[in-house]
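# Examining the three-dimensional arrangement
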Amino acid sequence: MIRLVYISHAVKPFSTDDLMSLLRQCRRCNSASGITGVLLYFNECFVQVLEGKEEEVNKAFLKLKRDPRHKNIIELERKYISERQFPDWSMGFEELDMSQLAGLNIEGVNSFFSEGGGSPHSELNQRLLGTLMTHFKGAYQKRKSHEELPVDDEQGDILKSFHKAIRFAVTILAGLMVMVIFLGVFQVIFVLYQKLATPPYLVLSITDLLSTFSAFLLVLIAIEIYLNISLYLRSDVIPVKLVVATALMAISRKVIVFDFKYLEPHYIYASAAAVFALGVTYWLLDKKEKTN
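First, a word on what this report is: a plain description of the structure on this page. Worth saying up front: this structure is predicted, and the values here are computed from it rather than measured.

### Some points on helix 8 (residues 240-256)
Here helix 8 contains 17 residues, and its C-alpha end-to-end distance of 24 Å stays within 8% of the 24 Å for a straight helix at 1.5 Å per residue. If you check which residues of helix 8 are buried, you get Val 244, Thr 246, Leu 248, Ile 251 and Arg 253.

### Re the pattern of salt bridges
As enumerated under the stated definition, the model contains 4 salt bridges in all. Arg 3 is the partner of Glu 51 in a salt bridge, and the nearest nitrogen-oxygen pair spans 3.0 Å. Here Glu 51 is found in strand 3 (residues 45-52), whereas its partner Arg 3 is found in strand 1 (residues 2-10), with 48 residues between them in sequence. Given the relative accessible area of 0%, Glu 51 is considered buried. A residue is classified by how much of its surface remains accessible, and Arg 3, at 8% relative accessible area, is buried. The salt bridge partner of Arg 69 is Asp 67, with a shortest N-O separation of 2.8 Å. Taking the relative accessible area as the measure of exposure, Asp 67 reaches 16% and is therefore buried.

### With respect to the packing of aromatic side chains
The tally for this structure, following the rule as stated, stands at 4 aromatic pairs. With a centroid separation of 5.5 Å and 45° between ring planes, the pair formed by Tyr 6 and Phe 61 is classed as tilted. Residue Tyr 6 is found in strand 1, and its partner Phe 61 is found in helix 2 (residues 54-65); the two are separated by 55 residues along the sequence. When its relative accessible area of 2% is taken as the criterion, Tyr 6 is described as buried. Classification of Phe 61 as buried rests on a relative accessible area of 4%. A ring pair is formed by Phe 14 and Tyr 41, whose centres lie 6.1 Å apart and whose planes are at 50°; its orientation type is tilted. Of this pair, Phe 14 sits in the loop between strand 1 and helix 1 (16-33) while Tyr 41 sits in strand 2 (residues 36-42); the two residues are 27 residues apart in sequence, bridging distant segments of the chain. You can call Phe 14 buried: its relative accessible area is 13%.

### Concerning the pairing of strand 2
Counting buried positions over the 7 residues of strand 2 gives 7, a clear majority of the element. Alternating positions in strand 2 separate into two faces, Thr 36, Val 38, Leu 40 and Phe 42 on one and Gly 37, Leu 39 and Tyr 41 on the other, with burial throughout. Of the strand pairs in this sheet, strand 2 and strand 3 are connected by 7 bridges, and their pairing is antiparallel. Its bridge partner lying in strand 3, Phe 42 is registered against Cys 45. Between strand 2 and strand 3, which pair antiparallel in sequence order, lie 2 residues; one of them, Asn 43, sits at a positive phi of approximately 50°.

Conventions we followed
Residues numbered from 1 in each chain as written. Predicted model: local features only at pLDDT ≥ 70, side-chain atom pairs only at ≥ 80, totals over all residues. Heavy atoms only, no water. Helix = DSSP H or I, 4+ residues; strand = E, 2+ residues; numbered from the N terminus. Expected span 1.5 Å × (residues − 1). Buried < 20%, exposed > 50% of the residue type's maximum accessible area, 1.4 Å probe, protein only. Salt bridge = Lys/Arg side-chain N within 4 Å of Asp/Glu carboxyl O. Phe/Tyr/Trp six-rings, centres within 6.5 Å; stacked < 30°, edge-to-face > 60°. Pairing = 2+ DSSP bridges.

All quantities given are derived from atomic positions and should not be read as evidence of function.
Here you go:
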């Protein structure tokens, strides 16, 4: 087996959708060839690690060289290995930001990406590659540690079938949620028309405004739920922050339309406690994300 590491520049900036599409393609091709590894994207640069049989890795690399989506491809490392560093990742993925890059604490790392890697055998490149491998390995082990039920080879094919079935079900849910969003938009239009067409014309009372806000917020919540659903199709990461934000938005929506004349005090206190707890949770998640 060999490990091959290369760096390249994107021909044009990749959006999140572009990256997820590329990642799905990599995983599909690598699974068929028995190749594992990771893909890093930062500042329109790709660093990719490929591990597997030498013949398959060489074949994949030749195909990558012909890919028109990137250029300036430089092979940084090619070495024989006795075991894989990323045996369960057909292609892991990480998109670095400036704070994460600064956390690598390597002098000259910015020029490494901006200049496309420089000399393949420079001391800086070797140190950087070592740090990147450690970084990826840590992320891999952290993710693997959350696998409560390890999968053996005999179970693999069955679970792949189950995963495909679940992804198909999620796709259906995403389609249904799109339909709900459009129905919600029509509901907003209908509510506005109904309120404005009722005497006194073109005048909205406080109650009418609350009903209109409620209809608007329901559509926004539906959009957030759709984003949650679609993330399960686009990555393997549970979007905890987005789920908390959706819950916070949902309960905040209820607070906005509260009619305090008819609500018991304990209901208001409970709602305030839930908003506070979700707000603190979101703040902690955001703080952790910025410090990582």
